[in-house]
Amino acid sequence: MGMDDTGFDAVVMAALAGVLGGTYVVGASVAMMADSTESALLLGGSVGVTTVVGVLLLTTAGTLLAGQRWARYLAVLAFVPVVAFGYPRPGAVEAIPVFQTVVAVLSVLYLTFRNPVRGGDRSNVDDSESAAKVGSTIR
């Protein structure tokens, strides 16, 4: 059996998820310490939502780097709240929320059509000569 392959696209997606997740966790911590919800780094103006999405994005980064096959679904689940809650307020459009939302939209579109973690190829072992069929030579 082959192992799963973590390709370059999985590393890039993990880096995006890690940077966004770290940004949201730090942003939520700063907003909680400052006792303010007027930060550009908060999703939907909520510290709780921002913290949950940040932790979910950091978990996604780990699963993508580990080559888990279900990481694609977790990544979509993590990037969709960024799109849903990360929209900039119409009165005060700022560059950071727009950039984060665009990155999340592009990530969701990419993950919809392609899985960054590929299954490995089955090794070429002749079953007639394998140790499992013939018996191990070491006893």
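The rules behind these values
- Residues numbered from 1 in each chain as written.
- Predicted model: local features only at pLDDT ≥ 70, side-chain atom pairs only at ≥ 80, totals over all residues.
- Heavy atoms only, no water.
- Helix = DSSP H or I, 4+ residues; strand = E, 2+ residues; numbered from the N terminus.
- Buried < 20%, exposed > 50% of the residue type's maximum accessible area, 1.4 Å probe, protein only.
- Areas by Shrake-Rupley, 256 points an atom, 1.4 Å probe, with all protein chains shown as cover.
- Salt bridge = Lys/Arg side-chain N within 4 Å of Asp/Glu carboxyl O.
- Core = buried A, V, L, I, M, F, W, Y, C linked by side-chain atoms within 4.5 Å.
- Contact = heavy atoms within 4.5 Å.
- Axes fitted to C-alpha atoms, helices over the stretch in contact; angles between N-to-C directions.
- Left-handed = near helix turned anticlockwise from the far one by under 90°.
- Nonpolar A, V, L, I, M, F, W, Y, C, P; charged D, E, K, R; others polar.

**Section: the overall build of the protein chain**
Inference 1: Regarding its fold elements, the protein chain presents five helices and two strands.
Inference 2: Start at the N end of the protein chain and walk to the C end: the helices and strands fall as β-α-α-α-α-β-α.
Inference 3: For the protein chain, buried positions account for 32% of its 139 residues.
Inference 4: Split by element, the accessible area of the protein chain, about 8,500 Å² in all, is 66% carbon and sulfur.

**Quick look at the pattern of salt bridges**
Inference 1: Applying the stated criterion to the full structure yields one salt bridge.
Inference 2: The shortest N-O distance in the salt bridge between Asp-9 and Arg-114 comes to 3.3 Å. Separated by 105 residues along the polypeptide, Asp-9 in helix α1 (residues 8-34) and Arg-114 in the loop between α4 (95-113) and β2 (117-118) bring together distant segments of the chain.
Inference 3: The class of Asp-9 is buried, set by a relative accessible area of 12%.
Inference 4: In this structure Arg-114 comes out as partly exposed when scored by relative accessible area, which is 38%.

**What to know about the environment of Leu-77**
Inference 1: The residue Leu-77 is located in helix α3 (residues 71-85) in this model.
Inference 2: When the C-alpha positions of Leu-77 and Val-108 are compared, they lie 9.0 Å apart, and in sequence the two are 31 residues distant.

**Re the environment of Gly-22**
Inference 1: The residue Gly-22 is located in helix α1 in this model.
Inference 2: Between the alpha carbons of Gly-22 and Leu-58 there is a distance of 6.9 Å; along the sequence they are 36 residues apart.

**Digging into the nonpolar core**
Inference 1: The biggest cluster of nonpolar side chains holds 21 residues, and the ones touching the most others in it are Leu-20, Tyr-24, Val-53, Leu-57, Leu-64, Phe-79 and Val-82.
Inference 2: Among the elements that take part in this core, α1 stands out by supplying six residues, more than any other.
Inference 3: Those residues in contact with Val-82 that lie beyond four places of it in its chain are Tyr-24, Leu-43, Val-53, Leu-57, Tyr-87, Gln-100, Thr-101 and Ala-104.

**Here's the deal with the packing of α1 against α4**
Inference 1: Where α1 meets α4, the axes come as close as 12 Å, and the angle between the chain directions of the two elements is 145°. For the element pair α1 and α4, the recorded crossing hand is left-handed. Residues Asp-9, Met-13, Leu-16, Leu-20, Thr-23 and Tyr-24 of α1 touch α4, and the partners they reach there are Gln-100, Val-103, Ser-107, Tyr-110 and Leu-111.
Inference 2: Each residue belonging to the contact of α1 with α4 can be placed in one class, and the counts come to seven nonpolar, three polar and one charged.

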